[in-house]
Amino acid sequence: MIAALLVDLGNVVVPFDHDRMWHQMGSLAGVPAAVVRRAWEASMFDALERGKLADDEFHRGFESTFEVSVASDDLAMAVGDIFTIDRQVVAVLDQARRAGVATVGFSNTCALHVRHLGAMGALDQLDELVLSYEVGARKPEDAMFAAAAARLADLGVAPGACFYTDDIAAYVEAGRRRGFDGEVFTGAGDLIASLRIRGLSLVPDDT
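Conventions we followed
- Residues numbered from 1 in each chain as written.
- Predicted model: local features only at pLDDT ≥ 70, side-chain atom pairs only at ≥ 80, totals over all residues.
- Heavy atoms only, no water.
- Salt bridge = Lys/Arg side-chain N within 4 Å of Asp/Glu carboxyl O.
- Helix = DSSP H or I, 4+ residues; strand = E, 2+ residues; numbered from the N terminus.
- Axes fitted to C-alpha atoms, helices over the stretch in contact; angles between N-to-C directions.
- Parallel < 35°, antiparallel > 145°, perpendicular 65-115°, else oblique.
- Left-handed = near helix turned anticlockwise from the far one by under 90°.
- Contact = heavy atoms within 4.5 Å.
- Nonpolar A, V, L, I, M, F, W, Y, C, P; charged D, E, K, R; others polar.
- Pairing = 2+ DSSP bridges.

Asks: Which residues make up the pattern of salt bridges, and what values do they have?
Replies: One pass over the structure, following the stated rule, counts 18 salt bridges. Note that Asp-56 and Arg-60 form a salt bridge whose closest N and O atoms lie 3.5 Å from each other. Pair noted here: Asp-56 and Arg-60 are both in helix α3 (residues 55-66), with a separation of four residues, about one helical turn. Across the salt bridge formed by Glu-128 and Arg-151, the nearest N and O atoms sit 3.5 Å from each other.

Structure follows, in structure tokens:
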């Protein structure tokens, strides 16, 4: 029987649009979105998701890179306002919790995004969070899965009693190698079917 769900955030609980982020940041910087994307991928992305770049350092770096002055709140909104909530997945998490199953978010992400998700209410159905910027590593690295296993152990759950879903197949396979059960996320309906096979019966939310 499943005792815990380990769920990716981006494109599972919260679909996102990176193009929107680059355009919003580009508008602040006065440059094309493609220019922001190159800078993000070259020097910001990995450092933010590993927790190596604090918010104020990111803000100063953005201003320095593009020779602009922007309010920190405006930059945070440009970076964070890229998510929607998959209500069907949230309904799965809610039902799982009510059935006594622990829910743990497991994501490569940064503090700016997590604060925005918290303000949206996107994290309300998660009991615990294992986040790359807090761990200092990114999926599929060993340290991330070790951190997830440790958090689950605190809940009294072994990896084999935890179902892991992620939209990236390589991450799911990495989890399986480390003893987690799991399937690639392809939608709430398939997730419910995978859980039912494992003895956890939930009702689809058609709203």
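Asks: For the packing of helix α2 (residues 33-49) against α3, give the residues involved together with the corresponding values.
Replies: Running from N to C, α2 and α3 point in directions that differ by 155°, and their axes come no closer than 12 Å. Taken together, the axes of α2 and α3 are roughly antiparallel relative to one another. Where α2 crosses over α3, the handedness of that crossing is right-handed. Residues Val-35, Val-36, Ala-39, Trp-40, Met-44 and Leu-48 of α2 form the contact with α3, whose own contacting residues are Phe-58, Phe-62 and Phe-66. Of the residues that constitute the contact of α2 with α3, the class distribution is nine nonpolar, no polar and no charged.

Asks: Residue-level account of the sheet that holds strand β1 (residues 4-7), with values.
Replies: A sheet is described by the order of its strands in space; here five strands give the open sequence β3-β2-β1-β4-β5, paired in parallel fashion. Looking at the sheet topology across the chains shown, the edges are occupied by β3 (128-131) and β5 (181-184). Taking the axes of each pair of neighbouring strands and ignoring which way they run, one obtains an average angle of 20° across the sheet. Lying over the sheet, helix α10 (residues 188-197) contacts β1, β4 (162-166) and β5, oriented at roughly 160° with respect to β4.

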